[in-house]
Amino acid sequence: DAKTTQPPSMDCAEGRAANLPCNHSTISGNEYVYWYRQIHSQGPQYIIHGLKNNETNEMASLIITEDRKSSTLILPHATLRDTAVYYCIVRPVNTGKLIFGQGTTLQVKP
Amino acid sequence: GAVVSQHPSRVICKSGTSVKIECRSLDFQATTMFWYRQFPKQSLMLMATSNEGSKATYEQGVEKDKFLINHASLTLSTLTVTSAHPEDSSFYICSASRDSGTDGNEQFFGPGTRLTVL
């Protein structure tokens, strides 16, 4: 399975956009990019996923590079409640398993 | 929609006892459920995948006789930690998917169960 690399931590000012990068240089054509986040002592929350095209929903936008080797999760207007660990996961289409890495701890500051 | 619950949310037990954790999909039928374990300051580790009506598939290094998983219906999966010891103390989290989890469908996670073994 393709591995992902994320910065261990990032800060963002409240109200500004948070851009969380993820490197998945070994991704193959049949693997999705998923983003989840986990607020302290809670279960992970699904954010967004994509295969090739950029995606947007009410929570965030996912920008996937043309070669699919990296992606960026964008929270357009970060709030204090967005402080969490964000996980970028590459998942093969033939399995439902999610293998979590260490993620990025995003701290939104007032 | 797509709510997953776990019970209990927190449990403390004595060493040597068995503990059962329930995972329920409240508003959808979950063909597949997954169980994870998370130690403090660490990421989630997948323990096993369970499909309704069949035996669970365990990840490498997870003892199937110690962590018994039953997925008897499309809305309920249980994890039983048998003969629990202090090293089994952890945060146990389940997730559920409407299908096998493929084809881009997301998994929905429960709130987790904090197990403390004394």
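These lines cover the structure that appears in this document, whether it is placed above or below. (Residues numbered from 1 in each chain as written. Chains lettered and ligands numbered in written order. Predicted model: local features only at pLDDT ≥ 70, side-chain atom pairs only at ≥ 80, totals over all residues. Heavy atoms only, no water.)

Attention now goes to the overall build of chain A. Across its full length, chain A carries zero helices and nine strands. Secondary structure of chain A in N-to-C order comes out as β-β-β-β-β-β-β-β-β. Relative to the globule expectation of 13 Å for 110 residues, the C-alpha radius of gyration of chain A, 13 Å, shows essentially globular dimensions. With the principal axes as the frame, chain A shows a C-alpha extent of 40 × 30 × 25 Å. Residues counted as buried form 45% of the 110 residues belonging to chain A. Within chain A, residue pairs in contact and separated by at least 24 positions form 56% of the contacts whose partners lie at least 6 positions apart. (Helix = DSSP H or I, 4+ residues; strand = E, 2+ residues; numbered from the N terminus. Rg over C-alpha atoms; globule rule 2.2 N^0.38 Å. Buried < 20%, exposed > 50% of the residue type's maximum accessible area, 1.4 Å probe, protein only. Contact = heavy atoms within 4.5 Å.)

Here the focus is the pattern of salt bridges. Evaluation of the coordinates by the stated rule reveals five salt bridges over all chains. Here Arg37(A) and Asp82(A) are joined by a salt bridge, their closest N and O atoms 2.7 Å apart. Placement of the pair is Arg37(A) in strand S3 (residues 31-38) and Asp82(A) in the loop between strand S7 (70-75) and strand S8 (84-92), with a sequence separation of 45 residues. For Arg37(A), a relative accessible area of 10% corresponds to the buried category. Between Lys66(B) and Asp88(B) there is a salt bridge, with its nearest N and O atoms 2.9 Å apart. Here Lys66(B) is found in the loop between strand S6 (57-58) and strand S7 (67-73), whereas its partner Asp88(B) is found in the loop between strand S8 (76-81) and strand S9 (90-97), with 22 residues between them in sequence. Comparing Lys66(B) with Asp88(B), the two get one shared label, buried. (Salt bridge = Lys/Arg side-chain N within 4 Å of Asp/Glu carboxyl O.)

Attention shifts here to the sheet that holds S7(A). Residues and elements named next belong to chain A. Pairing is antiparallel across the open sheet formed by four strands, whose spatial order is S2-S7-S6-S5. Either end of the sheet is taken by a strand with one partner, and the two such strands are strand S2 (18-23) and strand S5 (55-56). Where strand S6 (residues 61-64) and S7 come together, four bridges link them in antiparallel fashion. Bridge pairing links Ser-61 to Ile-74 in S7. (Pairing = 2+ DSSP bridges.)

Strand pairing in a sheet is mediated by backbone hydrogen bonds. Such pairs are either parallel or antiparallel. Residue and element names in this part refer to chain A. Reading across from one edge, S1-S9-S8-S3-S4 is the order of the five strands in this open sheet, with mixed pairing throughout. Unpaired on one side and paired on the other, strand S1 (9-13) and strand S4 (45-50) mark the two borders of the sheet. Shown here is a sheet whose adjacent strand axes are inclined to one another by a mean of 25 degrees, direction ignored. Bridge count for S8 against strand S9 (residues 104-109) is three bridges, and the pairing is antiparallel. Residue pairing across strands places Tyr-86 opposite Thr-104, the latter belonging to S9. (Axes fitted to C-alpha atoms, helices over the stretch in contact; angles between N-to-C directions.)

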